[in-house]
Amino acid sequence: MGPLRGACVLGVLCLLCVAPLVAALRDYYDVLGVKRSASEREIKSSYRKIARAIHPDKHPEKAAEFMELSEAYQILSDAELRTVYDHHGAEAAKQRQAQNNNGQRPGDPLDLFRQFFGGGGPASDETPKGPRHTYNAELSLSDVYTGRLFTLEHIRPVLCPACYGSGAESSSDIHTCSTCNGHGVQLLRQQLMPGFSTNVQVPCQACGGKGRTITRHCKRCGGAKTVQERTELDVDVEAGAREGAEYVFEGLGEQGPDFDPGDVVVTVHTSTEPGDFRRVGHHLYYTVPLSLPEALLGFTKHLQHYDGHSVTLRRRTATQPGHVDRIPDEGMPVPDAEREHAHGRTAGDLFVTYQVVIPETSGKTRRALAQALGVEDSMHAEL
């Protein structure tokens, strides 16, 4: 062994010895860059981000920091160990971890990384993203006018917290397939016709094309690598949100060992009832029926808006059927992000269409009406 190589080996050994001491001095929450109230998802997300950034394959000088990060994640990602750590500190949590592992030391941090990301090589900056999950939420136009916060229950598969998505009880239960030598495929000789044959590449039957076999499957997920997680999404629909507005929850979609979690998208649609306001963009439209006296002599009406305030409708002259009044700023609110394109306006307009309802007349009413209008009653003229 040359002097230079010996010095490198000695340096690595020093890092391995110093890393546990460093981890003991630092708070695990600080190592992961999360608050003590962080959720399991936030802890996983932070580990994933930092582990990629400091992976020893890219930054050999950060090997100790990588080991410290892995140790912090193994403790805080386990609900039982996290509770022990919060109440009694790191040493107590490590002792409980050893008891749970039958006295065995925690696995290799690189194994943890490979199991977590589902890869066998260096950290990759281009991990595929999982599928996008979309929910369609139908709200009343009233809810969209005032804005509404609602909770949506979301069920998704997540990486098994017991095996980190490997499907194995421990890293020692994962072995390279001896049939395909880890390639995941086999070459089979296939006869085409008498005297002619070819080699066909097919998935390895021994390992199912995975390149590795598992002697003991994870007790929690049964080797499925994922478990179902039930969570709640708080969807805060802003006042005046457009039809089809999308609210994106990044990284809360399906998880898998070979891809990053996708996004969850909640698309908001509105529904209206007969006689309700109608919406076009930020404007509202409403139809008001008028009696014949109101159409002829004028009227004052009060229209109750979605938020409870009253809009006064008043005309002092005759109103033709189909006449439209435009009432500024009584339409839908304009969300903050759209006000620049709306020339600074905070709301659309309300357009009121008047529909005159003509009553049935007969007898004295017809004669009085004809006399008042100075016309001959057609029914009387025919008689």
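For the structure given in this document, a descriptive report is provided here. (Residues numbered from 1 in each chain as written. Predicted model: local features only at pLDDT ≥ 70, side-chain atom pairs only at ≥ 80, totals over all residues. Heavy atoms only, no water.)

## Details of the overall build of the chain
Cut-off, in case you're wondering: Here a helix means four or more residues in a row that DSSP labels H or I, a strand means two or more in a row labelled E, and each is numbered from the N terminus. Throughout this description, buried means an accessible area under 20% of the type-specific maximum (1.4 Å probe, protein chains only), exposed means over 50%, and partly exposed covers the range between. Any two residues whose heavy atoms approach within 4.5 Å are treated as being in contact. All accessible-area figures derive from a Shrake-Rupley calculation using a 1.4 Å probe, and residue coverage is judged against the displayed protein chains alone.
Helices and strands together make up the secondary structure of the chain, namely 11 helices and 15 strands. A burial count over the chain gives 37% of its 383 residues as buried. When contacts within the chain are restricted to residue pairs at least 6 apart in sequence, long-range pairs at least 24 apart make up 64% of them. For the chain, the accessible surface area stands at approximately 22900 Å², while carbon and sulfur atoms represent 51% of it.

## Observations regarding the sheet that holds strand 8 (residues 246-249)
The test is simple: Note on pairing: DSSP must find at least two bridges between two strands before they are called paired. In this analysis, axes come from line fits to C-alpha atoms, helices being fitted only over the stretch in contact, and the angle between any two N-to-C directions falls in the range 0 to 180 degrees.
Spatial strand order, 1-9-8: 3 strands in an open sheet with mixed pairing. With partners counted over all chains shown, the strands left at the sheet margins are strand 1 (133-140) and strand 8, one partner each. Neighbour-to-neighbour, the strand axes of the sheet open up by a mean angle of 25°, direction not taken into account. Sheet topology note: the strand 8/strand 9 (residues 264-271) ladder contains 4 bridges and is antiparallel. What sits directly across from Y247, in strand 9, is V266.

## Quick word on the nonpolar core
Definition in use: Here, the term nonpolar core denotes a set of buried Ala, Val, Leu, Ile, Met, Phe, Trp, Tyr and Cys residues that are joined through side-chain atoms within 4.5 Å.
Counting 34 residues, the largest nonpolar core has L313 and L350 as the members making the most contacts within it. The biggest single contributor to this core is strand 11 (residues 283-291), with 4 residues. Here L313 is in contact with V288, F299, T300, K301, L303, I327, V352 and Y354, once residues within four sequence places are set aside. Residues Y29, A38, L81 and V84 belong to the second largest nonpolar core, which totals 22 residues.

## Details of the packing of helix 5 (residues 79-88) against helix 6 (residues 90-100)
Inclusion rule: Note on terminology: angles under 35 degrees are roughly parallel, angles over 145 are roughly antiparallel, angles of 65 to 115 are roughly perpendicular, and the others are oblique. Helix crossings are classified by the rotation of the near helix relative to the far one: an anticlockwise turn of less than a right angle makes the crossing left-handed, while a clockwise turn makes it right-handed. All amino acids are sorted into three groups, where Ala, Val, Leu, Ile, Met, Phe, Trp, Tyr, Cys and Pro are nonpolar, Asp, Glu, Lys and Arg are charged, and the leftover types, Gly among them, are polar.
The contact between helix 5 and helix 6 brings their axes to 7 Å, and the two run at 150°. Considered as vectors, helix 5 and helix 6 are oriented roughly antiparallel to each other. Crossing of helix 5 over helix 6 shows right-handed handedness. Residues E80, L81, V84, Y85 and H88 of helix 5 form the contact with helix 6, whose participating residues are A90, A92, A93, R96, Q97 and N100. Residues of the contact of helix 5 with helix 6, tallied by class, amount to 6 nonpolar, 3 polar and 2 charged.

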